[in-house]
Amino acid sequence: MADIISIGEPLFELNQGRGEAVFRPGHGGDTSNAAIAAARQGASVAYVTAIGADQFGDDFLALWKKEGVDTSAVRRSPVAHTGLYFVTHGPDGHVFSYMRAGSAASRMTPEDMPADAIRSAKIVHASGISQAISSSAADAVFHALRLARAAGVLVSYDTNLRLRLWPLDRARAVIPVAAGLADILRPSLDDARQLTGLDDPDRIIDFYLSIGPSIVAMTLGDSGAIVATREKRERLPARAAQLVDATGAGDMVTGAFLAEYLLTSDAFAAGPYANV
């Protein structure tokens with residue numbers, strides 16, 4: 001099916017620019033963003049999700065086709081809608097408002113996971129958001145990750161913490177278990193501090209390496225990133241840029257890292273590439 005299989009929920013975006021009255025259409029969803037980012041680097045990528053039989057679902061199928069993402073494992077629900085979110089702008093920056101309760105993706109179950117495709121992939125990727133949208137989706141992700149591990153397929157996991165979706169105590173109960181199943185872990189420093197209760201980046205990385213992953217690629221916001229294994233650790237400085245919109249930036253890092261890692265099998269080549 002594909003070398004990289006990404007699992008989660010796409011969200012159709014309606015974004016009201018600062019000072020504007022209209023909402024402009026767009027596309028979001030962390031694992032969809034990551035899938036597209038990997039495909040843009042030339043990787044063979046498939047997306048596993050469920051969308052509604054609605055206009056927004058049609059639009060996502062057109063997007064994925066344009067971006068070269070395999071949709072053969074995308075299920076369409078006749079009764080549930082595609083998730084939506086609205087972006088407005090307040091004095092403190094972006095304000096996100098979600099309409100995703102009961103969405104098609106939130107109704108995914110372990111039985112919806114394409115077992116044969118997962119077993120034949122090279123990397124299976126999911127995130128904390130993939131699991132936060134519902135209990136059945138959390139179970140589906142665990143099932144997919146365990147299928148991958150049993151088949152010797154690499155597991156990638158982004159801790160991506162969204163406290164609007166679940167309370168911190170529940171996230172702390174679920175995300176470390178999934179992280180422990182990962183070969184490649186993609187936390188951000190802000191999320192990791194909340195999930196682990198630790199502050200220092202190196203102590204956080206030590207913790208994550210101790211629970212299972214062999215590679216941790218942690219983004220540090222405007223301080224760059226750190227790529228680490230049990231044998232080596234490298235800090236990557238931030239590159240000078242004019243910040244326009246940080247939405248999805250971490251997802252781009254993930255997709256680029258996975259695509260480059262498939263080519264090189266070297267975390268310390270994939271890290272600088274993804275940092276750029």
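In case you missed it, the structure is sitting above this.
Predicted model, so just to flag it, every value in this text is computed and none were measured.

## Some thoughts on helix H2 (residues 55–67)
The terminal C-alpha atoms of H2, which comprises 13 residues, lie 18 Å apart, in line with the 18 Å expected from a rise of 1.5 Å per residue. Turning to H2, its buried residues are Gly57, Phe60, Leu63, Trp64 and Glu67. Down the axis of H2, the buried set is contained in an arc of 115°. They therefore lie on one face. Pointing more than 90 degrees away from the buried face of H2 are the exposed residues Gln55, Lys65 and Lys66. Buried positions along H2 lie against strand E2 (11–15), strand E3 (24–28), helix H1 (30–40), strand E4 (45–52), strand E5 (69–70) and strand E6 (74–77).

## Re the nonpolar core
By size, the foremost hydrophobic cluster in this structure holds 54 residues, and its most contacted members are Ile5, Ile7, Val124 and Leu145. Broken down by element, this core gets its largest block of residues, eight residues, from helix H5 (residues 135–150). If near-sequence neighbours (up to four positions away) are discounted, Ile5 is found in contact with Ala46, Val48, Ala117, Ile118, Ala121, Ile123, Val124 and His125. Ranked by size, the runner-up nonpolar core spans 34 residues in total, among them Ile51, Leu84, Leu258 and Ala274.

## Let's talk about H5
Here H5 is 16 residues long and its end C-alpha atoms lie 23 Å apart, about the 22 Å a rise of 1.5 Å per residue gives. Every buried residue of H5 is accounted for by Ala137, Ala138, Ala140, Val141, Phe142, Ala144, Leu145, Leu147 and Ala148. Residues of H5 that are buried make contact with strand E1 (4–7), helix H3 (115–120), strand E9 (123–127), helix H4 (128–132), strand E10 (154–158) and helix H6 (168–180).

How each quantity is defined
Residues numbered from 1 in each chain as written. Predicted model: local features only at pLDDT ≥ 70, side-chain atom pairs only at ≥ 80, totals over all residues. Heavy atoms only, no water. Helix = DSSP H or I, 4+ residues; strand = E, 2+ residues; numbered from the N terminus. Expected span 1.5 Å × (residues − 1). Buried < 20%, exposed > 50% of the residue type's maximum accessible area, 1.4 Å probe, protein only. Arc of directions from axis to C-beta. Contact = heavy atoms within 4.5 Å. Core = buried A, V, L, I, M, F, W, Y, C linked by side-chain atoms within 4.5 Å.

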